[in-house]
Every structure is written in structure tokens, then in C-alpha cells.
Amino acid sequence: METLRTDVLVIGGGGAGSRAAYEAKRFDAGLRVTLVVEGAYGASGSTTFVGSETLGINAPLGCADPTDSPQVYLADMLDTGLGLASEELCRVIAYEASDRVEELLALGVEFDRKDGRLLQRKLSGCTKARSLSCGGQTGVQIVRALKRANEALGVTVYEHMRAVELIKQEGRVVGAICLREGQTPVAVLGRAVVLACGGAGRLFRGNINPEGIKGDGFAMAYRAGATLTNMEFIQVGPGVVFPPIRFIIHSHMWRFIPRLLNKHGEEFLGRYCPAGVSPADVLDLKAMSYPFSTRTDAKYLDIAIFKELMAGKGTERGGVYLDVTHVPRAELTTKAPITYDTLLKAGVDLASERVEIAPVVQSFNGGVRIDKDARTDVPGLFCAGEVSGGVHGADRPGGNNLIDSQVFGYRAGVSAAKEAIEAPVTWPDRVAEPEYAPCNDSLVRELQDLYYRHLTVVRDEAGLQKVLKRIEDLKERVCTPAGDIRDISLANALAVGEMVARSALLRRESRGTHYREDYPDIEPRFTRNILVKRGEGPEMRVEWANQR
Ligand SMILES: Cc1cc2nc3c(=O)[nH]c(=O)nc-3n(C[C@H](O)[C@H](O)[C@H](O)COP(=O)(O)OP(=O)(O)OC[C@H]3O[C@@H](n4cnc5c(N)ncnc54)[C@H](O)[C@@H]3O)c2cc1C
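Keep in mind that this is a model prediction, so the values were computed, not measured. (Residues numbered from 1 in each chain as written. Predicted model: local features only at pLDDT ≥ 70, side-chain atom pairs only at ≥ 80, totals over all residues. Heavy atoms only, no water.)

Right, let's get into the site of the ligand. The immediate surroundings of the ligand are formed by 37 residues, with Ser 44, Thr 47, Glu 386, Asn 401 and Leu 402 found nearest. In this structure, an oxygen atom belonging to the ligand sits 3.1 Å away from a main-chain N or O atom of Gly 15. In the environment of the ligand, an oxygen atom lies 2.4 Å from a nitrogen or oxygen atom belonging to the side chain of Thr 47. Bound to the protein, the ligand loses 98% of the 1,000 Å² it would expose on its own. Listing elements by their share of the shell around the ligand, those giving two or more residues are helix H1 (15-27), strand S9 (161-169) and helix H11 (400-422). Residue composition of the shell around the ligand, by class: 13 nonpolar, 20 polar and four charged. (Near = heavy atom within 4 Å. Polar contact = N/O pair within 3.5 Å; in protein donor to acceptor, adjacent residues only side chain to side chain. Areas by Shrake-Rupley, 256 points an atom, 1.4 Å probe, with all protein chains shown as cover. Helix = DSSP H or I, 4+ residues; strand = E, 2+ residues; numbered from the N terminus. Nonpolar A, V, L, I, M, F, W, Y, C, P; charged D, E, K, R; others polar.)

Written out as C-alpha cells, the structure reads:
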């Protein structure tokens with residue numbers, strides 16, 4: 001098998017991977033830094049995916065509100081995380097976010113300004129206006145700026161290289177087996193490895209993620225022996241399912257007080273609102289918070305849509321109608337210009353036509369557990385961005401994923417560079433060439449449907465057990481009798497589904513983005529993280545952390 005050698009290997013070319021590669025190379029220009037990315041660099045991953053009116057990135061710069069500060073920001077993160085965000089990691093974000101944003105400005109990212117002053121807006125879970133953006137292009141601009149800088153510094157980039165397995169030697173991660181163009185195995189050996197390959201939205205039938213975001217990082221780290229945490233918490237929110245584009249229905253749209261209709265033309269939201277809560281109250285709250293969360297009564301909107309769909313009252317394309325035809329076109333084009341234009345280009349004029357929407361998976365809150373230096377519990381392996389866990393708890397402030405990718409991308413890059421210089425690394429003489437079978441697409445599609453039904457908005461014991469039963473049935477199909485994985489994509493889909501389902505089963509309460517219909521209330525005794533780790537045998541260990 002072809003074998004490449006480097007000092008720091010970065011897997012993933014989104015916001016976190018780009019930042020990690022940049023910082024590793026800046027730390028020591030003499031280090032060989034190599035970034036492998038499954039798709040095209042600069043056009044893959046959630047960071048560069050233009051799927052909403054605006055993408056925000058938080059920093060307590062105080063441009064809009066001078067009373068903002070790292071302390072206030074920290075308190076917001078801990079409150080929104082409902083006791084499950086790591087205070088240590090959140091503190092790092094609170095105190096370093098502004099520096100990372102200043103560096104992005106210096107690299108040429110043009111955040112929106114008014115009269116020369118940076119514009120900061122208030123997003124959900126934030127008590128202050130601290131989100132910066134470049135409209136829907138925020139992530140594109142961030143990655144473009146870092147990519148330019150990486151090219152100038154001499155970071156080596158391999159595009160269309162999918163990492164499929166981490167290579168271990170004497171208990172350390174020392175590289176990854178990759179598939180070039182999806183087929184040819186290549187071993188990339190590194191003295192330190194940064195995993196930054198994003199979340200797993202594409203494992204769900206309804207999702208708002210670009211191709212390639214399918215949980216490879218969670219599964220690879222798990223197989224390498226790393227601990228994952230908070231895997232039951234997934235951000236799901238309303239998105240367009242027809243016209244066939246991936247686009248978020250953002251707060252602006254709920255301010256228009258749309259009508260929501262099932263396939264029979266019935267308005268249904270009121271049926272799901274308990275006594276004392278009106279549809280108008282729910283829409284009003286939804287305008288403040290995009291993702292589904294049990295934190296506020298906005299939850300009834302997502303629950304209502306999801307339950308109508310599961311009751312067979314959705315459209316053929318799996319959505320319900322959102323109707324804003326009562327709003328004058330001028331108002332739509334002024335208050336939601338990107339949404340209006342995007343849908344118009346896709347063939348729907350919101351001023352005269354309805355759009356079909358459904359809850360869709362946007363991002364994972366949990367992931368591979370890291371410490372403040374972005375170190376995992378496997379020597380040689382660092383993580384940053386959506387693949388990492390601990391920064392976000394049961395919920396997170398809007399705008400916190402992008403800043404997480406920058407703050408911990410920075411720390412992962414610096415830590416990996418130090419590790420590459422200092423750690424005693426022995427590379428294997430030879431890496432065995434794996435033999436993978438093509439992905440069984442129909443089984444993956446079946447899992448996507450199952451996961452969408454039972455692991456997104458509404459969960460209960462029966463649904464979670466159903467998912468786990470099917471996973472157990474399918475597990476043996478992906479391995480040879482000797483236990484070697486044959487179908488890597490299916491194996492990863494099974495591993496990630498099992499992490500989410502087992503964690504959600506253990507958490508017999510509702511908290512943040514995790515809603516158990518059979519346990520609808522938050523339980524103070526469950527203010528503890530759930531950890532996922534590979535057992536001694538083939539079984540997955542999912543248990544409560546001992547922290548409280
Ligand atoms: C529509 C939408 C709107 C959002 N809005 C916001 C917002 O307003 N504010 C906010 O903070 N967050 C938002 N998020 C979340 C945020 O964009 C992501 O969490 C964040 O960008 C993740 O960055 P990342 O670098 O960790 O991963 P990504 O940007 O997803 O990058 C992952 C990279 O890894 C590569 N990769 C994947 N698997 C492999 C593999 N096996 N081998 C090699 N490479 C691989 C991918 O090709 C990609 O280059 C939004 C997400 C979406 C989808």
C-alpha cells in the first residue's frame with residue numbers, strides 16, 4: 001500500500017481542520033503539516049455549506065452591547081447547556097473567542113458592518129448580541145481565508161481522500177488509512193493526528209448537511225478507543241424538503257406568522273399546544289430559536305410537525321406546508337432576502353406559493369471527549385469542531401459551533417504541533433492493506449429512515465429499542481468471521497446510531513434537544529454526562545460519568 005509520512009496529519013477541511021492545520025504550521029514552519037479531505041478543499045463540510053439566511057459566529061466583542069464580556073458569555077453557555085457543557089472547555093471559548101475572531105478579520109474575513117462598525121446580533125441561548133456574520137457566506141469566508149493562508153504557509157493538501165481507520169502503534173494514534181477517490185487505500189503516517197471531520201447529519205433521512213458528513217470521525221475515534229460524550233444531543237430544526245434544496249427555515253420566517261398545513265390542508269399546530277399555550281406564543285418563541293429544544297414552548301412547533309409526519313399526514317415528499325402567501329412580496333424580500341431568493345431560484349415564489357418543510361438534522365452537540373488542549377484520551381489523537389464533545393451540553397447558544405471550530409481548531413493545531421515535536425513516536429514498519437466491500441446503500445437508506453423516525457424530535461423506549469434491535473441484526477453483516485470490517489460506511493452508520501440510541505435510552509428524562517415522550521420532564525439527578533466507549537469485547541459501553 002502507498003504510504004505517506006508527515007508530522008501533523010489533519011483529517012477534514014472545514015472550519016476546524018483548516019484552523020488546526022494553519023496553527024500547527026504557524027507554530028513551527030519546519031513541521032510537515034498535511035490535511036486530507038474527503039471532498040474538495042473549501043467546498044466540503046458544514047462550514048462552507050450555504051444552507052441558511054445567515055450563519056453566526058459568537059465572540060463577546062461588545063460592539064453592539066458594551067456590557068457583554070467573557071464572564072457573561074460563559075454564563076450563557078453553561079445555562080444553555082443545562083448542566084452538561086464542560087465549564088473548563090466553555091471558559092476557553094469565552095476567553096479566546098474574541099482573539100480568534102480578530103485573527104479571522106486580519107486574514108480577510110469581511111464580517112457585516114454598519115457605519116464601519118462590526119454588526120453583532122443576538123442569537124438563541126445568548127443574553128447579549130454577540131454573533132458576527134457575512135450573511136449565509138460566513139463559513140465560506142472563514143474557510144476561504146484559512147485555505148489561502150495554508151497555501152501560503154505550505155500546508156500539503158490531499159483532496160478526495162477519505163480517512164476510514166486510525167492507525168495505532170504501541171497505544172498511540174500514528175496516522176490513518178485513507179481511501180483515495182473512494183477506492184485506493186493509502187496509509188498516511190503522522191506524529192500527531194487531528195480529527196476534524198465534522199458531524200453525522202447525513203445518517204438521517206431528513207438532514208440539512210452536505211454530502212460526506214456521516215459520522216466517520218465518531219466511528220474512527222471510537223474504534224481507536226476514545227471516549228465520546230453527549231451523543232444523545234443532536235440539533236434538529238425546520239428545513240425545506242420541497243423544492244428539493246437543503247435550507248433552514250430561520251427565525252425571520254416565523255416572524256411572518258406562517259400557516260402550517262398538513263396534506264389535507266388542515267392547520268394543526270393548535271392541536272399540539274397544551275392549555276395556556278397558543279400557536280401565536282409558539283411561533284413567537286420559535287422566532288427566537290431555530291433548533292428544537294425542550295427549553296422553551298417553541299418545542300411544540302417541531303413536535304407538531306414531526307407527529308403529523310409520523311401519523312402519515314405529511315406530503316408525498318415528507319413535509320408539511322408552510323404558507324406565507326399573506327405577506328407582501330416586498331416584506332419577504334426585505335426581511336428574508338436570502339431565503340426568498342434561494343427558494344425563487346429553486347422554483348418557488350414564497351409570495352404566491354407554499355413551501356414544504358420538515359424537521360431536519362443540522363449538527364451534533366456531542367462527540368469525542370476532549371480536554372482544554374483538544375487532547376482525546378488516546379495518545380496522539382486530537383479533536384476539534386463538530387466531531388469533538390464536551391463543549392456543548394444538552395443545548396448550545398446559536399453561533400457557538402463556528403467559534404468552537406476556531407477556538408479548539410487553534411488549540412488542536414498547537415497541541416498537535418507540540419506533540420509532533422516532543423512525543424516519542426514509532427511508526428509501524430508495514431500497515432496491512434484493508435479490503436473493503438462497496439457500501440450497501442439500501443441498508444444505509446433503511447438506517448437513515450429508522451434513525452430519522454426514532455432518534456430525532458420525539459424519542460421513546462419502544463422506538464429506541466427498535467433501532468438497537470435492527471443495529472444488532474445488521475452488525476454481523478459488516479464484518480468477516482474474524483471480525484474485520486468489510487463495509488466501512490455501514491459499520492460507521494451502525495456505530496453512530498448505536499451511540500445515539502444507547503445514550504438516549506439511558507437518559508430517562510427530557511433535557512435540551514433530547515425529548516423522551518415517555519419521560520417528558522427534566523430530572524435534576526440526571527445532571528450528568530453520558531460516556532460512550534468501546535468495551536473489552538465487541539460491546540459498546542454506555543454509562544454515566546461520575547462527575548457529580
Ligand atoms: C445549514 C447549517 C447552518 C448552520 N448554522 C450555524 C450557525 O449559524 N452558527 C454556528 O455556529 N454553527 C452553525 N452550523 C453548524 C456549523 O456549521 C458546524 O458545526 C461547523 O461548521 C462544523 O465545522 P467542522 O470543521 O467541525 O466540520 P465541517 O465543516 O463539517 O467539516 C468537516 C470536514 O471533514 C471532511 N470529512 C468528513 N469525513 C471525512 C473523512 N472520513 N476523511 C476525510 N475528510 C472527511 C469533510 O469533507 C469536511 O471537509 C450550521 C450548520 C449547518 C449545516
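Back to the text.
Attention now moves to the environment of Val 50. Turning to its location among the elements, Val 50 is positioned in the loop between strand S3 (33-36) and strand S4 (57-58). Spatially, the C-alpha atom of Val 50 lies 8.8 Å from that of Arg 246, the residues being 196 residues apart in sequence. Those residues in contact with Val 50 that lie beyond four places of it in its chain are Gly 136, Gln 137, Val 140 and Phe 247. (Contact = heavy atoms within 4.5 Å.)

Attention shifts here to the sheet that holds strand S19 (residues 381-383). Pairing within the open sheet is parallel, and its five strands lie in the order S8-S3-S2-S12-S19. Lying at the two open borders of the sheet, with one neighbouring strand each, are strand S8 (156-158) and S19. Each adjacent strand pair in this sheet contributes to an overall mean axis angle of 20 degrees, direction not counted. Here four bridges tie strand S2 (residues 8-11) to S3, and the two strands are oriented parallel to one another. Bridge assignment links Val 10 to a residue of S3, and that residue is Leu 35. (Pairing = 2+ DSSP bridges. Axes fitted to C-alpha atoms, helices over the stretch in contact; angles between N-to-C directions.)

What follows covers the side chain of Glu 53. Relative to the helices and strands, Glu 53 is located in the loop between S3 and S4. Comment: no salt bridge for buried Glu 53; closest opposite-charge side chain is Arg 121, at 8.9 Å. Here Ile 338 takes part through its backbone nitrogen, which lies 3.0 Å from a polar atom of the side chain of Glu 53. Excluding residues that lie within four positions of it along the chain, Glu 53 makes contacts with Gly 135, Gly 136, Phe 247, His 250, His 252, Ala 336, Pro 337, Ile 338 and Thr 339. (Buried < 20%, exposed > 50% of the residue type's maximum accessible area, 1.4 Å probe, protein only. Lys, Arg positive; Asp, Glu negative; His and termini not counted. Salt bridge = Lys/Arg side-chain N within 4 Å of Asp/Glu carboxyl O.)

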